[in-house]
Amino acid sequence: MTNFEKMGVAIKSTDAAHWEDFRVIISSNDGQSYEAPLASLGFQPDGDWHRCHIDLNDVKKSGVDLTKIKTLFAIGWEAGVISGQSYKLDDLYLE
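Residues numbered from 1 in each chain as written. Predicted model: local features only at pLDDT ≥ 70, side-chain atom pairs only at ≥ 80, totals over all residues. Heavy atoms only, no water.

J.: Give a detailed account of the overall build of the chain, specifying residues and quantitative values.
T.: Within the chain one finds 1 helix and 6 strands. Written out in order from the N terminus, the α and β elements of the chain read β-β-β-β-α-β-β. Computed over the C-alpha atoms, the radius of gyration of the chain is 13 Å, within 12% of the 12 Å expected from 2.2 N^0.38 for a compact globule of 95 residues. Counting only C-alpha atoms and orienting by the principal axes, one finds that the chain spans roughly 35 × 25 × 15 Å. Relative to its full complement of 95 residues, the chain shows a buried share of 35%. In the chain, 77% of the contacts between residues at least 6 apart in sequence involve partners at least 24 apart. Within the structure as shown, the chain displays about 5500 Å² of accessible surface, and the carbon and sulfur contribution to it stands at 44%. In the chain, which carries 9 positive and 15 negative side-chain charges, the distance between the mean positions of the two groups comes to 4 Å. (Helix = DSSP H or I, 4+ residues; strand = E, 2+ residues; numbered from the N terminus. Rg over C-alpha atoms; globule rule 2.2 N^0.38 Å. Buried < 20%, exposed > 50% of the residue type's maximum accessible area, 1.4 Å probe, protein only. Contact = heavy atoms within 4.5 Å. Areas by Shrake-Rupley, 256 points an atom, 1.4 Å probe, with all protein chains shown as cover. Lys, Arg positive; Asp, Glu negative; His and termini not counted. Charge placed at Lys NZ, Arg CZ, Asp CG, Glu CD.)

J.: Account for the sheet that holds strand β5 (residues 69-76), naming residues and giving values.
T.: Spatially, the 3 strands line up as an open sheet ordered β3-β2-β5, and their pairing is antiparallel. In this open sheet, the two strands that pair with only one neighbour each are β3 (33-37) and β5. Pairwise comparison of adjacent strand axes, ignoring direction, gives a mean angle of 10 degrees for this sheet. When strand β2 (residues 23-28) meets β3, the two strands line up antiparallel, connected through 5 bridges. Within the sheet, the bridge partner assigned to S27 lies in β3 and is S33. (Pairing = 2+ DSSP bridges. Axes fitted to C-alpha atoms, helices over the stretch in contact; angles between N-to-C directions.)

J.: Can you lay out the side chain of R23 for me, pointing to particular residues and giving the numbers?
T.: The topology assignment puts R23 in strand β2. Polar contacts involving the side chain of R23 include one to the main-chain carbonyl oxygen of D21, which spans 3.1 Å. Discounting chain neighbours no more than four positions away, the residues touching R23 are E35, A36, P37, L38, A74, I75, G76, W77 and E78. (Polar contact = N/O pair within 3.5 Å; in protein donor to acceptor, adjacent residues only side chain to side chain.)

J.: Outline unusual backbone geometry, supporting the account with residue identities and numerical values.
T.: In this model, D91 sits at a positive phi of 60 degrees, which is unusual for a non-glycine residue. Within the secondary structure, D91 is located in strand β6 (residues 88-94).

Laid out in structure tokens, this is it:
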């Protein structure tokens, strides 16, 4: 990932308005991780598609070694998801 400057993804949901900590997670083999609330990356839980962008320099600043990625992209949330709730992801990319 060291050759890239940005990661992006499209995401949509109306249910995520009720999820306390809907966030993206990137981690390296040495246990370091970057976590950011999806709302801070451009997501809104309004049912429309939103492009979320992650500056990989911010990931590096958090201590994640981009040469030793363990988790390229994960979604986390607190309090769990109730049956029938959902979110959709599309077009994960690196630039």
